[in-house]
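Here is what each chain is made of, one letter per residue.
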Amino acid sequence: MHMARTGDNGSRLYRITLCAGAVLLLAVCVYNLARLWLDSRPYLVHYTNTCTLAGLFAIAAGVMGYWTYRTTGTLAGDLRHAMRHHPHRFAVLCAIALLALIAGACEVTFAILLHRGAPTIVRTATPSPQEVADEARGYQPLPSATSHVVKTMNGKPVYDVVYTTDAAHRRITPSSADRPGETIVLFFGCSHTFGVGVNDNETLPHYFGLHTPGLAVYNYSVGGQGPSHTLALIESGRLDELVRDRDVIAIYTFIAPQYVRVVGGLKFVTRWGANSPCYELDDDDKPVRRGSFASHRPVRTWLWGLIAATNTAAYYNLDWPRPGTPEQRHLVARILETSAEQLTARARSCRFYLFLPPVRLRAQPPGPLDGSLVTIVDARDLFDSTTDPYRIWGDGHPTAVANQLLAETLAGHILDADAVPAVLGHNDASP
């Protein structure tokens, strides 16, 4: 009889645990599925998150059905029995329930705080979306498109601009020569170089083209990307025909947030960069592509997606890792050097520049870098990027005035008579 009573005690505690877990799962699933349904922000609506929550919902519903079908007692009776015969286990169960209750209260509280007093930011783009999927870089701008983009904050205009792209998915540079000559200029980078918030004739590449009349200037920058996207583009072979038998001036504009885009930070992967190229260093200290972050790190991508969908993560602006660690600096340096090597191998000659503009978030630049492959142009102290007239109000991107100063400084370094000699490429005919 003692054995039977012990088994009955365990069975009752087991049923209580199942029931409590099912109730918790049901509450979490209903809450998060409602948020996914009501929230229009695309980075929250992940296929994996929705499937996970739906699966948990089904499990919870099954457990509740099992409880209803199999139990012969009442929940209150089982609770009293568990408190009397299993006090320690029951205390653990209560602690777990209390933590779950606190977590739920935090989610509700942070949801209220996030929406109370937060600025109302509206960004519209016609056509929308502005990007298309790309096998090499994950995504790229629409080809041969004219996009009208408007951003407002609390009803006040932030910018009202037009982005124009050519057939090769590049933003046009009005000051560029119509046809490529012996020397061409390639700009790589993120939204700062692409020119978010300014018109086609107000971007950094456009103003640089005014200082280099007769040269063809191409803007390969894409918002939200980093050095790994540039290397992936070069390795894809899409630039081969353009750079073959030409002298290339390559300019990469680097800012600190690009570190986490190379290593796959939480925000980057869960919002827009899951399909971006994932590079890791091999035994020879060379960057090797391992696919995308979603394909190479599926479990981490899935878990981070669940974390990023919470109000707690949004309230605390949760991100990981922090940018600019020694490991990140080394990885980015090797990616930039490999990009320079790859361009040099494809062109007649190549000068590769790493341009450091003034930005609010600062970190140590990539390094150490091989000076024979990459030349640094440091303009971080050129002006205060957080003040007018250099920063777009209600936005973090540089204004047309800032781009003019940056282009003038950059051109002064690159076009100087004492500039470093170009590195001869493999297909150069000269000895």
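Visitor: Could you clarify how one ought to interpret the overall build of the protein chain in this entry?
Guide: Secondary structure assignment for the protein chain yields 15 helices and 13 strands. Within the protein chain, contacts between residues separated by at least 24 positions form 72% of all contacts whose residues are at least 6 apart in sequence. Accessible surface, the protein chain as shown: approximately 21700 Å² in total, 59% of it carbon and sulfur.

Visitor: Explanation requested: the packing of aromatic side chains in the structure shown.
Guide: What describes a pair of aromatic rings is the distance from one ring centre to the other and the angle between the planes of the rings. Tallied over the entire structure, the rule returns nine aromatic pairs. On the basis of an interplanar angle of 75° and a centroid distance of 5.4 Å, the ring pair of F187 and F208 is categorised as edge-to-face. Pair noted here: F187 is in strand β6 (residues 183-188) and F208 is in helix α6 (residues 204-211), with a separation of 21 residues, a long-range link. Accessibility assignment for this pair places F187 and F208 in one class, buried. Residues F254 and Y259 carry aromatic rings whose centres are separated by 4.9 Å and whose planes lie at 75° to one another, so their mutual orientation is edge-to-face. As far as the burial class goes, F254 and Y259 line up, both buried. Through successive ring pairs, a cluster of aromatic residues spans F268, W272 and F293.

Visitor: Help me out: how do you make sense of the nonpolar core in this one?
Guide: For soluble globular proteins, the rule of thumb is that nonpolar side chains tend to be buried together. Among the nonpolar cores identified, the biggest contains 36 residues, and L186, F188, L343 and F352 are the most heavily contacted of them. Per element, the largest residue contribution to this core is seven residues, and it comes from helix α14 (residues 326-346). Residues contacting L343, with those up to four places away along its chain left out, are L186, F188, I234, L239, V243, A250, C350 and F352. Counting residues in each nonpolar core, the second largest holds 21 residues, with F208, V377, A379 and I414 among its members.

Visitor: I tried to follow the environment of R351 on my own but got confused; where do I start?
Guide: Position of R351 among the secondary structure elements: in strand β11 (residues 349-356). When its relative accessible area of 25% is taken as the criterion, R351 is described as partly exposed. Spatially, the C-alpha atoms of R351 and I249 are 4.9 Å apart, while their sequence positions differ by 102 residues.

Visitor: When you look at empty space enclosed by the protein in this model, what are you seeing that I'm missing?
Guide: Using a probe with the size of a water molecule, rolled over the atoms, empty space left in the structure can be pinpointed. Counted under the stated rule, the structure contains four cavities of 30 Å³ or more. Taken together, F254, I255, A256, L356, P357, V359, L361, R362, A363, Q364, P365 and R380 make up the lining of the largest cavity. When grouped by side-chain class, the residues that make up the lining of the largest cavity number nine nonpolar, one polar and two charged.

Visitor: Before we go on, may I ask you to explain the packing of helix α10 (residues 266-273) against helix α12 (residues 298-308) in this structure?
Guide: It is at 9 Å that the axes of α10 and α12 come closest, and there the two elements cross at 90°. With respect to α12, the axis of α10 lies roughly perpendicular. Residues L266, V269 and T270 of α10 form the contact with α12, whose participating residues are T301, W304, G305, I307 and A308. Taken together, the residues of the contact of α10 with α12 break down into five nonpolar, three polar and no charged.

Visitor: Sorry if this is basic, but what is going on with helix α7 (residues 227-235) here?
Guide: Owing to its 3.6 residues per turn, the α-helix brings residues three or four apart onto one side. Across the nine residues of α7, eight count as buried, placing the element largely inside the fold. Among all positions in α7, only P227, S228, H229, T230, L231, A232, L233 and I234 are buried. Two residues or fewer after α7 comes G237, characterised by a positive phi angle close to 90°.

Visitor: Any chance you could explain the sheet that holds strand β4 (residues 146-153) here in plain terms?
Guide: Across a sheet, paired strands are connected by hydrogen bonds in the backbone, their directions being either parallel or antiparallel. Spatially, β1-β4-β5 is the arrangement adopted by the three strands of the open sheet, whose pairing is antiparallel. For this open sheet the edge positions go to β1 (121-126) and β5 (156-164), each flanked by a neighbour on one side alone. Recorded for the sheet is a direction-independent mean angle of 10° between the axes of neighbouring strands. Judged from the eight bridges that link them, β4 and β5 form a sheet pairing that is antiparallel. When the sheet's bridge partners are listed, T146 is paired in β5 with T164.

Visitor: For this particular structure, what's the right way to read the packing of α7 against α14?
Guide: Two measures define how a pair of helices packs: the angle their axes make with one another and the distance between the axes. The geometry of α7 relative to α14 is characterised by a closest axis approach of 9 Å and an angle of 25° between their N-to-C directions. The orientation of α7 with respect to α14, classified from their angle, is roughly parallel. Note that α7 runs across α14; the crossing there is left-handed. From α7, P227, S228, L231, I234 and E235 reach across to α14, where they touch V332, I335, L336, T338, S339, Q342, L343 and R346. By residue class, the composition of the contact of α7 with α14 is seven nonpolar, four polar and two charged.

Visitor: Where do I start with the pairing of strand β10 (residues 287-292) in this structure?
Guide: A regular strand places its side chains on the two faces of the sheet in alternate fashion. As paired elements, strand β9 (residues 277-281) and β10 share four bridges and run antiparallel to each other. Residue pairing in the sheet places E280 in a bridge with V288 of β10. Two successive antiparallel strands, β9 and β10, enclose a turn made up of five residues, where D285 displays a positive phi of approximately 65°.

Visitor: What am I meant to see in the pattern of salt bridges here?
Guide: Side chains that carry opposite charge are capable of pairing whenever their charged atoms lie near each other. Tallied over the entire structure, the rule returns 14 salt bridges. For R238, the salt bridge goes to D134, with nearest N and O atoms at 2.5 Å. Within this pair, whereas R238 is found in the loop between α7 and α8 (240-243), its partner D134 is found in strand β2 (residues 131-134), the two being separated by 104 residues in sequence. A relative accessible area of 40% means that R238 is categorised as partly exposed. Owing to a relative accessible area of 8%, D134 belongs among the buried residues under this scheme. Overlapping salt bridges bring together D134, R137 and R238 as one network.

Definitions and cut-offs
- Residues numbered from 1 in each chain as written.
- Predicted model: local features only at pLDDT ≥ 70, side-chain atom pairs only at ≥ 80, totals over all residues.
- Heavy atoms only, no water.
- Helix = DSSP H or I, 4+ residues; strand = E, 2+ residues; numbered from the N terminus.
- Contact = heavy atoms within 4.5 Å.
- Areas by Shrake-Rupley, 256 points an atom, 1.4 Å probe, with all protein chains shown as cover.
- Phe/Tyr/Trp six-rings, centres within 6.5 Å; stacked < 30°, edge-to-face > 60°.
- Buried < 20%, exposed > 50% of the residue type's maximum accessible area, 1.4 Å probe, protein only.
- Core = buried A, V, L, I, M, F, W, Y, C linked by side-chain atoms within 4.5 Å.
- 1 Å grid on protein atoms, 1.4 Å probe; cavity = no way out; pocket = protein on both sides within 12 Å on 5 of 7 lines; lining within 4 Å.
- Points joined across faces, edges and corners; volume = space filled by probe spheres on them.
- Nonpolar A, V, L, I, M, F, W, Y, C, P; charged D, E, K, R; others polar.
- Axes fitted to C-alpha atoms, helices over the stretch in contact; angles between N-to-C directions.
- Parallel < 35°, antiparallel > 145°, perpendicular 65-115°, else oblique.
- Pairing = 2+ DSSP bridges.
- Left-handed = near helix turned anticlockwise from the far one by under 90°.
- Salt bridge = Lys/Arg side-chain N within 4 Å of Asp/Glu carboxyl O.

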